[in-house]
Every structure is written in C-alpha cells, then in structure tokens.
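As a plain string of letters, each chain reads:
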Amino acid sequence: MTLFSVEGKTVVVTGGSRGIGRMIAAGFTAAGAKVVISARKAAEVERTAAELGCTPVVADLSTPEGVDALVSAVTGPLHVLINNAGATWGAPLEEYPGHAFDKLWNINVKGAFTLVQRLLPRLREAAGEDDPARVINVGSVDGIRVPVMETYAYSSTKAAVHMLTRHLARQLAPEHITVNAIAPGPFDSKMMAFALDDPSTRASIASNVPLGRIGRPDDMAGAAIFLASRAGAYLTGTVIPVDGGITA
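Residues numbered from 1 in each chain as written. Predicted model: local features only at pLDDT ≥ 70, side-chain atom pairs only at ≥ 80, totals over all residues. Heavy atoms only, no water.

Draft legend 1. Molecular detail of the packing of helix α1 (residues 19-30) against helix α8 (residues 217-228). Running from amino to carboxyl end, α1 crosses α8 at an angle of 60 degrees, the nearest separation of the two axes being 8 Å. Here α1 lies oblique to α8, going by the angle between them. For the pair α1 and α8, the sense of crossing is right-handed. From α1, I20, M23, I24, G27 and F28 reach across to α8, where they touch P217, M220, A221, A224, I225 and A228. Grouping the amino acids of the contact of α1 with α8 by side-chain chemistry returns ten nonpolar, one polar and no charged. (Axes fitted to C-alpha atoms, helices over the stretch in contact; angles between N-to-C directions. Helix = DSSP H or I, 4+ residues; strand = E, 2+ residues; numbered from the N terminus. Parallel < 35°, antiparallel > 145°, perpendicular 65-115°, else oblique. Left-handed = near helix turned anticlockwise from the far one by under 90°. Contact = heavy atoms within 4.5 Å. Nonpolar A, V, L, I, M, F, W, Y, C, P; charged D, E, K, R; others polar.)

Next up, the structure:
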C-alpha cells in the first residue's frame, strides 16, 4: 500500500451526484475505493453512479426518512464519511428571508452532525490506531472570510461546519476517528453556475484567485484522498482551504 492509497476503503459521499461531490466520488472510485453516493434526485444519482461505477442511494438528508435511507444502505465498516451535501441562498439584506437560515442550518450543519451520530457504529468498526476512520466535512472559504455576495445564511452555516469539525475531532480522537474539513474556493458546481457559466464573470472570478484559475476536479479529489489516506492519518480538527490562495 502506498502512502496515498485508499484502495478497498468504503467511502460515503453525500451530495455525490454532481459538482464537488461528484469530483470527490470520481477520485475515490478511480483510486480503487468502494464508493456510495447519495442525492435527492433518483435520476441524477443513478446516472452518476452508473458513469462512475459506484453505488447510488436516493436520500433527502434534510428529512429523517432520507437519513434513515442512507444509514440503512451502509453495512459493515465505514472508512470514510464525506459530508458534502449542502445548499446556498443569496438575497439582498433587506429581502433576506428568515426561513433561509432554517433551511441551510438543517442541511449544511444539522445534516452533517446527524449523519456522524447515526453512522458512528460503522465508523468505529473501521477505526484503528494506525489507520483511523475519517470524517471529512465540506465547508467553504466563505466560512473563513466574508464573501462579496450576500449569502448570509450560507457563509454563517459554513463557518459553523468548521467549528463542528473541531468539536467532533476533539471528541472522537480517542476512538481513532479523525474529523477534518475542506474549504473549497470557486469550483464548477450548481451553486456557482450562475457566475461561472458566464465567460466574463468566470474570468473576473479567476483573476481574483492568486493561482489565476477556477478549481479543477483533481484539486478537490486530491485533497479528500490525502485526508483519507495514510498520508493524512495524523491530521484531525483541521480546515484546509482548497482555494488557489484566496484566503492567504
């Protein structure tokens, strides 16, 4: 086994049918992991699973029934749980709806916490001193710095994801379960399609990234695989910006 091998590991990626979740799922599948992806829409998750060669689960993780469906689909040791499913909401301050905070809190923060709770027995089965079980939460650079766009609930919940990561890391370290977060910058995803699909806006966003470009699938998959491999076994409670230098 190489330093960065994840071959044979069982990996769950929520929100894995598109965007960042798909990038991560594709990377792990190509690296020989056994990948389960979940998403709300049956057609999308089944199509992505067929294309990548992984197992689909239809689950709306904002509902108890959706959580039950995903938990029931995971049997045996779970080596890596990637909490990627999330939502965003943008509106001017005077028009920003209160229910946006409720929706995004339930999906972005409570959903991740609940899955760790429910899948803890499976993570414990996989945990070992030399090769801990891993939880990887997908946060955002917008949870580190104040974004230009008016996404109050989104950036606030992503900051909460980062703190939740630290809480869980401290609690679960004695059980040989590491908990880290990835904070992506601009990547091609549904959340950023409104901006990145327009060539001039895309160029403007890329020009504000110190490395001068939008993130690529290998950038996201590489960070997640690092955290899930032997190379990342001694990291816990970290928030790693994968943002081309924006937060620097």
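Draft legend 2. Molecular detail of the side chain of D142. Topologically, D142 is positioned in the loop between β5 (133-138) and α5 (152-172). Residue D142 is classed as buried on the basis of its relative accessible area, which comes to 12%. Separated by 3.0 Å, the side chains of D142 and R145 make a polar contact. When sequence neighbours within four positions are dropped, the list of residues in contact with D142 reads P147, Y154 and S155. (Buried < 20%, exposed > 50% of the residue type's maximum accessible area, 1.4 Å probe, protein only. Polar contact = N/O pair within 3.5 Å; in protein donor to acceptor, adjacent residues only side chain to side chain.)

Draft legend 3. Up close: the packing of helix α4 (residues 98-126) against α5. Contact geometry of α4 with α5 gives a least axis separation of 8 Å together with a crossing angle of 20 degrees. Classified by the interaxial angle, the pair formed by α4 and α5 is roughly parallel. You can see that α4 and α5 cross each other, and the crossing is right-handed. Residues A100, F101, L104, W105, N108, V109, F113, V116 and L120 of α4 touch α5, and the partners they reach there are Y152, A153, Y154, S156, T157, K158, A160, V161, L164, L168 and L172.

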